[in-house]
Amino acid sequence: MTQAKQITEPTPYASCEDFCRVFDEDMNSVYHLAFLLTADRELAEQCFVSGLDNAVKGNPVFKEWARSWARRAVILNAMRLVNPRPAGGNGRGRSSSDSINNNGNAPQGGQQAEFAPVLGLEPFVRFVYVITVLERYSDQECSVLLGCTRRDVLAARPRALQQIGSAIEMHYQQLRNAGLAKPDRSSGLQLLIAPRLATSA
């Protein structure tokens, strides 16, 4: 009786089905996270598939952590594929321009315009921005993930914000010069201030 009761008791840990449900329900969000990190559609797809596999086969985690653990798995896979390094570090990861311009893997239409300011960042700066601003990791957590110092993170984030802000302002200026209707600045500015905007469904 005791043995039967133990077998039927629900486990507090996330199962394979739990992780599959997370990746299914958050498919767009998780893919956008992978794409913003890698700046490459094929690499983003690899991150998505490998992230699910790693989440399922990794160490047990509580069910309530399944969603954040799945996103973390995608971040780790993106790091493995891109290998971002701060300026002056040992080597440099794949450049964002290589992915966008030469591989033909940029997103189409409005999505390309929405993500372009982030995709144009250098790989390490882009990772810091996505991890700390959009995914809300602390500076210390980000430095541990990226294998760099906290000082590197603190130096990279303002650069990201400045470059994204400049890119958005240039886009608005081009619209004004073309005589188009006054653009709505809210969507672009949210990339700078709203957590998980660009990686939301």
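Scroll up to find the structure.
These notes cover the structure that comes with them. Predicted, not measured: the structure shown is a model, and the values here were computed from it.

1. Brief notes about unusual backbone geometry
Point 1. Of note, the phi angle at N83 is positive, near 55°, even though the residue is not glycine.
Point 2. Residue placement: N83 occurs in the loop between α5 (66-82) and α6 (96-102).
Point 3. Here N83 falls in the partly exposed class, since its relative accessible area comes to 32%.
Point 4. The backbone phi angle of R136 is positive, close to 65°, even though this residue is not glycine.
Point 5. Mapping R136 onto the fold places it in the loop between α8 (123-134) and α9 (139-146).

2. Brief notes about the nonpolar core
Point 1. Ranked by internal contacts, the top residues of the largest apolar core, which has 48 residues, are I75, F127, Y129, V130, I131 and L146.
Point 2. Elements with a minimum of two residues in this core: α2 (16-25), α3 (27-38), α4 (41-57), α5, α7 (109-119), α8, α9 and α10 (150-177).
Point 3. Here this core gets nine residues from one element, more than from any other, and that element is α8.
Point 4. Not counting residues up to four positions away in its chain, the partners in contact with L146 are M79, P84, R85, F124, F127, V128 and I131.

3. Points about the packing of aromatic side chains
Point 1. Applying the stated criterion across every chain, the model contains five aromatic pairs.
Point 2. Here Y31 and F35 contribute two aromatic rings whose centre-to-centre distance is 6.3 Å and whose plane-to-plane angle is 15°, an arrangement assigned as stacked. One end of the pair is Y31 and the other is F35, both in helix α3 and four residues apart, which spans about a single turn.
Point 3. Take F35: its relative accessible area is 1%, and that puts it in the buried class.
Point 4. Aromatic pair F35 and F115: ring centres 6.1 Å apart, planes at 40°, arrangement tilted. Note that F35 is positioned in helix α3 and F115 in helix α7, a separation of 80 residues in sequence. F115 carries the same exposure label as F35, and that label is buried.
Point 5. In this structure an aromatic cluster arises from ring pairing among Y13, F62 and W65.

Each value, and the rule that gives it
Residues numbered from 1 in each chain as written. Predicted model: local features only at pLDDT ≥ 70, side-chain atom pairs only at ≥ 80, totals over all residues. Heavy atoms only, no water. Helix = DSSP H or I, 4+ residues; strand = E, 2+ residues; numbered from the N terminus. Buried < 20%, exposed > 50% of the residue type's maximum accessible area, 1.4 Å probe, protein only. Core = buried A, V, L, I, M, F, W, Y, C linked by side-chain atoms within 4.5 Å. Contact = heavy atoms within 4.5 Å. Phe/Tyr/Trp six-rings, centres within 6.5 Å; stacked < 30°, edge-to-face > 60°.

By themselves, these observations are geometric and do not establish any function.
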